[in-house]
Structures are given as structure tokens and as C-alpha cells.
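Examination of the molecular architecture
Listed here are the chains, written in short residue letters.
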Amino acid sequence: MRAADAQLPFGGEELDRLFLPFQCHARVLLAVSGGPDSTALLLLAHAWRAGRAAGPDLSVATVDHRLRPESAAEARSVGAVCRRLGLSHAVLDWMGEKPRSGIPAAARAARYGLLARHAASRGATALALAHTRDDQAETVLLRLARGSGLAGLAAMRPVSRMGALALVRPFLDIPKARLVAEVRRAGVDFAEDPGNRDPRFTRPRLRAIAAALAAEGLDAPRLAAFARRAARADAALATLAEEAAARCRAMRPDGTLAFDGAGFAALPEEISLRVLLDAVRAQATEGEPELGKAERLHAGLLAALGRGARFGRTLAGAQITHAAGTIRVRPAPPREKCSGSQIRRDVDTHPWQATTRHLD
Ligand SMILES: Nc1ncnc2c1ncn2[C@@H]1O[C@H](COP(=O)(O)OP(=O)(O)OP(=O)(O)O)[C@@H](O)[C@H]1O
């Protein structure tokens, strides 16, 4: 980014484009921490709405995580800015015992829970978050480091869902420096969370090496463009997988998902893997299936299909079997615990399906 671009003010047309997704909602809750990015969200969303005769009702919420002594004062400062702008503001406290480790993840889960409940109580159907292009680039790096697949590498989407609530991120293509300049230009104070620089946490460590990566070409615009391309490819593959599943899937009266083995084996690998993953997700009782485990299971299933052999495994609480050319995916039957062992044996009516499963 050229230095001049970082200073570029936001014009009316750009604001219309950025806040277009707000137009589908009668009430939008702005998540404002008091940091520079979300203070810019507050100022720009207010300016956009003030310039229109009709549009959503905007309100603001700040979560006080109660992890730092200054957090209550920071939340009050956001309240003061909101009063000046004529917007309603709520402080949501994260009460109770805080975990000793995994603080960022626990704080994030608590924050989203508090914001979602508050949005529901106000009848807001959208929650606006101020993630920037720099955050998006960091998310791509984080997901690469964790071995994510294409869906994960697509990082954050401009609009996504959390239950009934739409999560809207208007700034995913906007450099943080431009938002900081906007807030400074408006003469509004903002807070800096020292956690953003704490080297005990992964994101600040990635932030610390950002300049070195950018010098090698891995800069925020390039990483964010990669995320957009990954999102586009992921959406296309998801559609193809849905169509393929519809062609070779049958639902049994007991709720089991059944697939024609030959049709499944003839699909491109990525598509059959997605068909399998979607079926496992639909029947899983133990959360999101892990991609690496799904890939191993998929390879084993294809090998069994190739040999015409029986197959039986479990993943995320779903049971996947193959016999006589039909693949079946259903919730795994109840497990019997082996005391003192890390291995449990599945109880099943079919002897070939009796499998062992290692606990995570
Ligand atoms: N305590 C909070 N209260 C309300 N919203 C929050 C809070 N913390 C984060 N958010 C929302 O989530 C977005 C991303 O959070 P993250 O912690 O990544 O932000 P950040 O880089 O510290 O941004 P900011 O400069 O706005 O604080 C914020 O821009 C904001 O919209």
C-alpha cells in the first residue's frame, strides 16, 4: 500500500458499497471494542446511515472481558462516543471464572455468545465486526500453519452465519492503516489492547513476522486475494459436491444415509471426500470431523470399494460402512467403555463393523 492510500478518506459511494449487506436487516448491532478498527466501524457506519433517508437501526455493544483493569474505562469511552453520535450502547460483562490457559479462544467464545444474546434481545439480525485485511491475512497464515483445507484457507467471509445471526465484516478488504487514519482524522481517541502484541499468543507472533513475509511477497493484499480465490473455489466445489451427493445418495427409513458405492468411487476425489464429509457432519454426534482423519477414512473407503471389500470405521461419532456396493453413514451406536484403557470398542450388530476407535 502506498503511504497516500493509507490516508484516503471514505467517500459516499465506497460507504454504500461497504455497508450494502446492512440493507438486508432492519436492525444491526455494531461490535465495538474501542480499538481503532471497530471505532472506525462505529464512525463510518454512523456516517453512512446519517446520509440515508432509510436504512437499518444501528446500535452498539462493547464486551468488557474483565481481564485488564483499564477495560471498564475503555468500554465507557465507547459509550461516550455513542452518546455524541446518538446511538444506543450496551456494555456486556464477561463474568465468572476465567480459564488459566487458552484465554484468547475462551474470550472469543464468551464475546460472541454475549454479542449474539444481546443482538437477539434487541431484535438485531446482523452483527457487524471490524476485521480488516490485515486480520484476514493473519487468518490465512494461521490456517495454513494449522493444516486447514480449502474452506479454512478461504478464511473469514464478508457475510457468514452464526445460528440465526448474520455476521457482517465490511472491512475485510480495507487495510488497518486506513481505518486508523480515519479515526485520527475524526479526532476520536481509541484504545490499544496490549494483548495484540503479547508474544504468548499466536496472532501477535504472526504480526511480528508480517514485515519479513511481506518482503518475500507474502503481504496482506496477496494473502487476502488468496483467501478470496479459495472462497470462490470452495463455493464451486461445495455446489458440485451437493449435486453429486443428490445423484448417488438415498435416505433410508431409519435415517441412515446410503450411497451407491460405484457412483461414489467414480467421482473426482475432492468431490467424493466432500460428499463423505457432508454425510459425516449430518450424522456426527461428536462435533466437527477433522479433515486429516476424514482424508484417511476416505482413502480406506475408496480402497475397500476398489477391492469390493467390507469396510467399517467411525468418525466424529458417525459410523461409515461399506458392504455389497452400498456405503452407509449413520450415528455410531453407543460405545462400551474399557476401564483403564484409551481404546473403546464399538458395539455393533454387524460383525465386520466392529472397529476400535482411539480417543482424541
Ligand atoms: N471487547 C469487544 N467488544 C465488542 N466487540 C469486539 C470486542 N473485541 C473484538 N470485537 C469485535 O471483533 C472484531 C475483531 O476483534 P479483534 O480482537 O480481532 O480486533 P482488534 O484487532 O483488537 O480490533 P479493534 O481495533 O476494533 O479492537 C473487532 O474489530 C470488533 O468488531
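Owing to the predicted nature of the structure, the values given are computational and were not obtained by experimental measurement.

1. A few points about the nonpolar core
Grouped together as the largest cluster of nonpolar side chains are 31 residues, with contacts concentrated most on Phe19, Phe22, Leu30, Leu42, Val60 and Phe171. Mapped onto this core, the elements with two or more residues apiece are helix H2 (12–18), strand S1 (27–31), helix H3 (36–50), strand S2 (57–64), helix H4 (71–85), strand S4 (126–128), strand S6 (165–168) and helix H8 (176–185). Ranked by residue count, the leading element in this core is H3, at seven residues. Setting aside anything within four residues of it in sequence, one finds Val60 in contact with Leu29, Leu30, Val32, Leu42, Val78, Cys82, Leu87, Ser88, His89 and Ala90. The next biggest cluster of nonpolar side chains, apart from the first, holds 28 residues, and it includes Ala245, Phe259, Leu273 and Val280.

2. Notes on the side chain of Thr132
The residue Thr132 is located in the loop between S4 and helix H6 (133–145) in this model. Overall, the relative accessible area of 0% leaves Thr132 in the buried class. Other than its neighbours up to four places away in sequence, Thr132 contacts Asp37, Phe171, Leu172, Ile174, Lys176 and Leu179.

3. Some remarks on the UniProt feature "domain: tRNA(Ile)-lysidine/2-thiocytidine synthase N-terminal" (unreviewed entry) in the protein
Following the UniProt record, the feature "domain: tRNA(Ile)-lysidine/2-thiocytidine synthase N-terminal" (unreviewed entry) maps to residues 28–208 here. Along residues 28–208 one finds 46% helix and 16% strand; the C-alpha atoms at either end are 34 Å apart.

4. Observations concerning the site of the ligand
Residues in contact with the ligand amount to 16 residues; listed here are only the nearest, Ala31, Ser33, Ser38, Val63 and Ala130. Take Ala31: an N or O atom from its main chain is 2.7 Å from an oxygen atom of the ligand. A distance of 3.0 Å separates an oxygen atom of the ligand from a polar atom in the backbone of Ala130. Protein coverage of the free-state accessible area of the ligand, which is 580 Å², stands at 87%. Those elements that place two or more of their residues in the shell around the ligand are H3 and S2.

5. Some points on H4
In this model H4 runs 22 Å from its N-terminal to its C-terminal C-alpha over 15 residues, within 8% of the 21 Å that 1.5 Å per residue would give. Of all the residues in H4, the buried ones are Ser71, Glu74, Ala75, Val78, Gly79, Val81 and Cys82. The buried residues of H4 occupy an angular sector of 160 degrees when projected down its axis, which confines them to one face. Exposed side of H4, more than 90 degrees from the buried face: Arg76, Arg83 and Arg84 are the residues found there. Structurally, H4 contributes buried residues whose contacts are with H3, S2 and strand S3 (88–93). Two residues or fewer past H4, Gly86 is found with a positive phi of approximately 80 degrees.

6. Quick notes on the sheet that holds S4
With mixed pairing, six strands are arranged side by side in an open sheet as S3-S2-S1-S4-S6-S5. Either end of the sheet is taken by a strand with one partner, and the two such strands are S3 and strand S5 (159–162). Ignoring strand direction, the axes of neighbouring strands in this sheet form an average angle of 30 degrees. Most of the contacts of H3 go to S1, to which it runs at about 150 degrees, and overall it touches S1, S2 and S4.

7. Overview of the confidence of the model for the protein
Considering every residue of the protein, the mean pLDDT works out to 91; 92% of them sit at 70 or more. For the stretch residues 340–360, pLDDT sits under 50, and the model shows 49 contacts to residues farther than four places along the chain or on other chains.

8. Some thoughts on the packing of helix H11 (residues 220–248) against helix H13 (residues 269–283)
Packing of H11 against H13 brings their axes to within 9 Å, and their N-to-C directions diverge by 70 degrees. The angle between the axes of H11 and H13 places the two elements in the roughly perpendicular class. Counted together, Asp234, Leu237, Ala238, Leu240, Ala241, Ala244 and Ala245 of H11 and Glu270, Ile271, Arg274 and Val275 of H13 form the full contact between these two elements. Tallied by class, residues from the contact of H11 with H13 come to eight nonpolar, no polar and three charged.

9. Considering the UniProt feature "binding site: ATP" (unreviewed entry) in the protein
Here the UniProt-annotated "binding site: ATP" (unreviewed entry) positions come out as Ser33, Gly34, Gly35, Pro36, Asp37 and Ser38. Structurally, the position occupied by Ser33 is in the loop between S1 and H3. Not counting the four nearest positions on each side in its chain, Ser33 is found in contact with Ser38, Thr62 and Val78. Polar side-chain contacts of Ser33 include one of 3.0 Å to the backbone nitrogen of Gly35. Summarising the element assignment, Ser38 is placed in helix H3. Ignoring anything within four residues of it in the chain, the contact list for Ser38 reads Ala31, Val32, Ser33 and Ala130.

10. Notes on the packing of H6 against H11
As a packed pair, H6 and H11 sit with axes 8 Å apart at the nearest point and diverge in direction by 65 degrees. When the axis of H6 is compared with that of H11, the two are roughly perpendicular. Crossing hand, H6 versus H11: left-handed. Where H6 abuts H11, its residues Arg133, Asp134, Gln136, Ala137, Val140 and Leu141 lie against Ala220, Pro221, Leu223, Ala224, Phe226 and Ala227.

11. Here we look at the side chain of Glu14
As for its position among the elements, Glu14 is in helix H2. With a relative accessible area of 17%, Glu14 lands in the buried category. Once residues within four sequence positions are removed from consideration, Glu14 is found in contact with Pro9, Ile174 and Arg178.

Reading guide: rules and limits
- Residues numbered from 1 in each chain as written.
- Predicted model: local features only at pLDDT ≥ 70, side-chain atom pairs only at ≥ 80, totals over all residues.
- Heavy atoms only, no water.
- Core = buried A, V, L, I, M, F, W, Y, C linked by side-chain atoms within 4.5 Å.
- Buried < 20%, exposed > 50% of the residue type's maximum accessible area, 1.4 Å probe, protein only.
- Helix = DSSP H or I, 4+ residues; strand = E, 2+ residues; numbered from the N terminus.
- Contact = heavy atoms within 4.5 Å.
- UniProt positions renumbered as here; feature names shortened; annotations may be inferred.
- Near = heavy atom within 4 Å.
- Polar contact = N/O pair within 3.5 Å; in protein donor to acceptor, adjacent residues only side chain to side chain.
- Areas by Shrake-Rupley, 256 points an atom, 1.4 Å probe, with all protein chains shown as cover.
- Expected span 1.5 Å × (residues − 1).
- Arc of directions from axis to C-beta.
- Pairing = 2+ DSSP bridges.
- Axes fitted to C-alpha atoms, helices over the stretch in contact; angles between N-to-C directions.
- pLDDT = per-residue confidence, 0-100.
- Parallel < 35°, antiparallel > 145°, perpendicular 65-115°, else oblique.
- Nonpolar A, V, L, I, M, F, W, Y, C, P; charged D, E, K, R; others polar.
- Left-handed = near helix turned anticlockwise from the far one by under 90°.

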